[in-house]
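# Fold and contact review
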Amino acid sequence: MFTRAEEETVVVADRWVHSTEAIAMTLPEGMRNRLLTLTALERLSLPAPLLTVLLNAPDTVLDGRLTTRGESLPPYRVQLRRVYRDSIAPMCDVTVSTADPVDAVERKLLRLATEALKGELG
């Protein structure tokens, strides 16, 4: 989430530079380097976020959701999740478990966003 002060606009994005970095870390060196170059350029050109939240859940919950939706379990999921948890989570402001009930997750995300905006605009 970030604001564009000149436009008085709040932008909430479901992905950020961290997502591209996580994917890059699971790829062979050539592709990884290209994606990491892209993320470096994005960091230079995009506004810094007010808040970054990593949404996480135990593997059994995540796999169950994919299966319920009829999606196959990609073989690289274990590696990608490890990258998110070990490398990306420390760069985020907070990690929120989506294994909790939906209304609890929603309340927590709204509270975090409200606090971030109050800090920026207050």
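Residues numbered from 1 in each chain as written. Predicted model: local features only at pLDDT ≥ 70, side-chain atom pairs only at ≥ 80, totals over all residues. Heavy atoms only, no water.

### Some remarks on the overall build of the protein
- If you tally the helices and strands in the protein, you get five helices and four strands.
- For the protein, the succession of helices and strands along the chain, N to C, is β-β-α-α-β-α-α-β-α.
- The principal-axis extents of the C-alpha atoms in the protein amount to approximately 45 × 40 × 25 Å.
- Within the protein, buried positions represent 28% of all 122 residues. (Helix = DSSP H or I, 4+ residues; strand = E, 2+ residues; numbered from the N terminus. Buried < 20%, exposed > 50% of the residue type's maximum accessible area, 1.4 Å probe, protein only.)

### Topic: the pattern of salt bridges
- Within the structure shown, the criterion is met by eight salt bridges.
- A salt bridge links D103 to R107; the nearest nitrogen and oxygen atoms lie 3.4 Å apart. Taken as a pair, D103 and R107 lie in helix α5 (residues 102–121) at a separation of four residues, close to a single helical turn.
- According to the relative accessible area criterion, D103 is partly exposed, its value standing at 42%.
- Accessibility expressed as a relative area gives 52% for R107, which makes it exposed.
- E115 is the partner of R111 in a salt bridge, and the nearest nitrogen-oxygen pair spans 3.1 Å. Here R111 and its partner E115 are both found in helix α5, four residues apart, which amounts to about one turn of the helix.
- A relative accessible area of 41% means that R111 is categorised as partly exposed.
- The exposure class of E115 is partly exposed, given its relative accessible area of 43%. (Salt bridge = Lys/Arg side-chain N within 4 Å of Asp/Glu carboxyl O.)

### Details of the environment of L35
- As for its position among the elements, L35 is in helix α2 (residues 29–45).
- Relative accessible area serves as the criterion here: at 18%, L35 is assigned to the buried category.
- Expressed as a C-alpha distance, the spacing of L35 and I23, which sit twelve residues apart in the sequence, is 8.4 Å.
- Leave out the neighbours within four places in its chain, and L35 touches T20, I23, A24 and L27. (Contact = heavy atoms within 4.5 Å.)

### Observations regarding the packing of helix α3 (residues 59–68) against helix α4 (residues 77–88)
- The N-to-C vectors of α3 and α4 enclose an angle of 130°; their axes lie 12 Å apart at closest approach. Here α4 runs oblique to α3, going by the angle between their axes. The chirality of how α3 crosses α4 is right-handed. Contacts between α3 and α4 involve D59, L62, D63 and L66 from the first element and R77, R81 and R85 from the second.
- Class assignment for the residues of the contact of α3 with α4 results in two nonpolar, no polar and five charged. (Axes fitted to C-alpha atoms, helices over the stretch in contact; angles between N-to-C directions. Parallel < 35°, antiparallel > 145°, perpendicular 65-115°, else oblique. Left-handed = near helix turned anticlockwise from the far one by under 90°. Nonpolar A, V, L, I, M, F, W, Y, C, P; charged D, E, K, R; others polar.)

As far as function goes, none of this settles anything; it's purely spatial.
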